[in-house]
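# Survey of secondary and tertiary structure
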Amino acid sequence: MASVSEILVQNLTYHHDPSAPASLSDINIDLPKGSRTILIGANGAGKSTLLQILAGKRLVTSEGAQILIQGRDVFRQSLPGVTYLGTEWKVLTEAIVASGAMNPVVRGDIVVEHLLNSVGGYRHKERRDYLLDILDVDLDWHMHAISDGERRRVQLCMGLMQPWDVLLLDEVTVDLDVQVRDDLLSFLKEDGECRSATILYATHIFDGLNEFPTHIAHMRFGSFVTNPIPWPASTIDPPVGNNVGVLDRALFPIALRWLREDREYRRVLESAGRRTRGARRGQALPSSSEEFYRKYDYSH
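Please read these numbers as outputs of a predicted model, since none were measured by experiment. (Residues numbered from 1 in each chain as written. Predicted model: local features only at pLDDT ≥ 70, side-chain atom pairs only at ≥ 80, totals over all residues. Heavy atoms only, no water.)

### Considerations on the overall build of the protein chain
Our working rule: A helix here means a DSSP run of H or I that spans at least four residues, while a strand means a run of E at least two residues long, and both kinds are numbered starting from the N terminus. Think of it in three bands: with a 1.4 Å probe and only protein chains considered, a residue is buried below 20% of the maximum accessible area for its type, exposed above 50%, and partly exposed in between. For every accessible area listed, the method is Shrake-Rupley and the probe measures 1.4 Å; residues are considered covered only by the protein chains on display.
A tally of regular secondary structure across the protein chain gives ten helices and ten strands. The buried share of the protein chain, taken over its 300 residues, is 42%. Summing over all exposed atoms, the protein chain offers an accessible surface of approximately 16,200 Å²; the carbon and sulfur share of this is 49%.

Here's what the structure looks like:
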């Protein structure tokens, strides 16, 4: 694999709110071309924020930060070949609007075949058809009448039918059944290897993922605890089990251990004064309906 930096982030600190603590702090990563990196971290670790910044969806103003994809500044230069897919359905709406399909009937109820053609599917017919097969999409589906999982399949077909050089994925398989998810991951791996394309993928689902990544990384509270390291991760200390030859390639137990360490670290901070999560067992609750409605009446 080439050692050329495809994604390079240096000295990145980001605040959602200038008066609040940093959402990302001192992020430094260097991912080679052709790599497939899995981002591991608890909810709120900063994975989605990082991906959105790399996609140019959140502006970074911190002095000294450098965010480059293929050597180009993500905010000051165009980034052809970079695809971002997140969990929000807004992607579908944006694609329709960008295509000029502003007719209210079209926006309210559109057939999948027309939707894909409206965003350029006819220009990538062979690739589109392959994705339709592995994602098991019906071209006659009406977007207003299908399930979340089926919409997710359409979204993935839309986002992937044009070849990409860098793919930023934010938990896009959450609504998929096991078979479709496995077929999709196989396609992404084969496609990436064939074209030396790069993938950065944040997920909470690790089953069946052992053979997918070339690198893994661990985020906690907006920082990297473990910067991207090659996978299989023989450098992880201590090993996850006695049979290192097998467990060295098992991503789930490593992710589970890291997440448990995150929770223990957070509890240490809570014992030192950080706001706590979970039940507040010493808190008095309303004992009558009158007291309840006095306490929770938000009409004034």
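Additional details are given in the paragraphs that follow.
### Some points on the pattern of salt bridges
A side chain of one charge can pair with a side chain of the opposite charge when the charged atoms of the two come close. Keep this limit in mind: The salt bridge criterion pairs a side-chain nitrogen of Lys or Arg with a carboxyl oxygen of Asp or Glu, the two atoms within 4 Å.
Under the counting rule described, the total for this entry stands at 15 salt bridges. D136 is paired through a salt bridge with R153; the nearest N and O atoms lie 3.8 Å apart. Separated by 17 residues along the polypeptide, D136 in the loop between helix 5 (125-134) and helix 6 (148-160) and R153 in helix 6 bring together distant segments of the chain. Note on D136: relative accessible area 51%, which makes it exposed. With a relative accessible area of 12%, R153 lands in the buried category. One salt bridge in this structure joins R153 and D177, with 2.9 Å as the shortest N-O distance. With R153 in helix 6 and D177 in the loop between strand 7 (166-170) and helix 7 (178-195), the pair connects residues that are 24 residues apart, well separated along the chain. Classification of D177 as partly exposed rests on a relative accessible area of 36%. Each of K125, R128 and D129 takes part in a single network of salt bridges with overlapping partners.

### Considerations on the sheet that holds strand 6 (residues 82-85)
Quick note on the threshold: A pair of strands is treated as paired once DSSP finds two or more bridges between them. Orientation is described by lines fitted to C-alpha atoms, with helices fitted over the stretch in contact, and by angles between N-to-C directions that extend from 0 to 180 degrees.
Reading across the sheet, the six strands line up as 6-7-8-3-9-10 and stay open at both edges, with mixed pairing between neighbours. Two strands lie at the open edges of the sheet, namely strand 6 and strand 10 (223-230), each paired on one side alone. In this sheet, neighbouring strand axes are inclined to one another by 10° on average, regardless of whether the strands run parallel or antiparallel. Inspection of the sheet shows strand 9 (residues 215-220) paired to strand 10 by five bridges, in the antiparallel sense. By the bridge assignment for strand 10, M219 is matched with F224.

### With respect to the nonpolar core
Put simply, the rule is: Residues enter a nonpolar core if they are buried and are Ala, Val, Leu, Ile, Met, Phe, Trp, Tyr or Cys, with the set joined through side-chain atoms within 4.5 Å. Note on definitions: a residue-residue contact is assigned when non-hydrogen atoms from the two residues lie within 4.5 Å.
Ranked by size, the top nonpolar core spans 45 residues in total, and within it L135, V154, L160, L188 and I216 carry the most contacts. Where this core is concerned, the elements lending two or more residues are strand 3 (36-40), helix 4 (112-118), helix 5, helix 6, strand 7, helix 7, strand 8 (198-202) and helix 9 (251-271). In this view, L135 contacts R153, L156, C157, V180 and L184; residues no more than four positions away in its chain are not counted. Counting 27 residues, the second largest nonpolar core, distinct from the first, contains I7, L24, I27 and I53.

### Re helix 6
The condition is simple: By definition here, a helix of n residues has an expected span of 1.5 Å times n minus one.
Between its first and last C-alpha atoms helix 6 spans 18 Å; for 13 residues at 1.5 Å apiece the expected length is 18 Å, and the two agree. Taking burial as the measure, the 13 residues of helix 6 include eleven buried ones, the bulk of the element. Within the sequence span of helix 6, burial applies to G149, R151, R152, R153, V154, Q155, L156, C157, M158, G159 and L160.

### Describing the packing of aromatic side chains
Note the cut-off: In this analysis, rings of Phe, Tyr and Trp, with Trp reduced to its six-membered ring, are considered paired at centre separations within 6.5 Å, and the interplanar angle assigns stacked below 30 degrees, edge-to-face beyond 60, and tilted for intermediate values.
Going through the model one piece at a time under the given rule, you end up with three aromatic pairs. A centroid spacing of 6.2 Å and a plane angle of 80° characterise the contact between Y201 and F212, whose relative ring orientation is edge-to-face. You can see Y201 sitting in strand 8 and its partner F212 sitting in the loop between strand 8 and strand 9, a full eleven residues away along the chain. Across this residue pair, the class does not change: Y201 and F212 are buried. Arranged with centres 6.1 Å apart and planes meeting at 45°, the rings of F221 and Y265 form a pair that is tilted.

### Some thoughts on the sheet that holds strand 4 (residues 66-69)
Working definition: the strands of a sheet are paired by backbone hydrogen bonds and lie parallel or antiparallel to each other. Overall, antiparallel pairing links the four strands, which are arranged 2-1-4-5 in an open sheet. Looking at the sheet topology across the chains shown, the edges are occupied by strand 2 (24-32) and strand 5 (72-73). Sheet topology places strand 4 next to strand 5; two bridges connect them, and they run antiparallel. Paired with I69 across the bridge in strand 5 is R72. Strands in contact with helix 1 (residues 47-54) are strand 1 (5-14), strand 2 and strand 4; relative to strand 1, the strand with the most contacts, it is inclined by about 120°.

### Considering the pairing of strand 7
For the record, the criterion: By convention, orient the strands away from the viewer: a clockwise path from the first strand over the helix to the second makes the crossover right-handed.
Extensive coverage of strand 7 is indicated by the burial of five of its five residues. When strand 7 meets strand 8, the two strands line up parallel, connected through five bridges. Within the sheet, the bridge partner assigned to L169 lies in strand 8 and is Y201. You can see the chain leave strand 7, run along helix 7 and come back into strand 8, and the turn it takes is right-handed.

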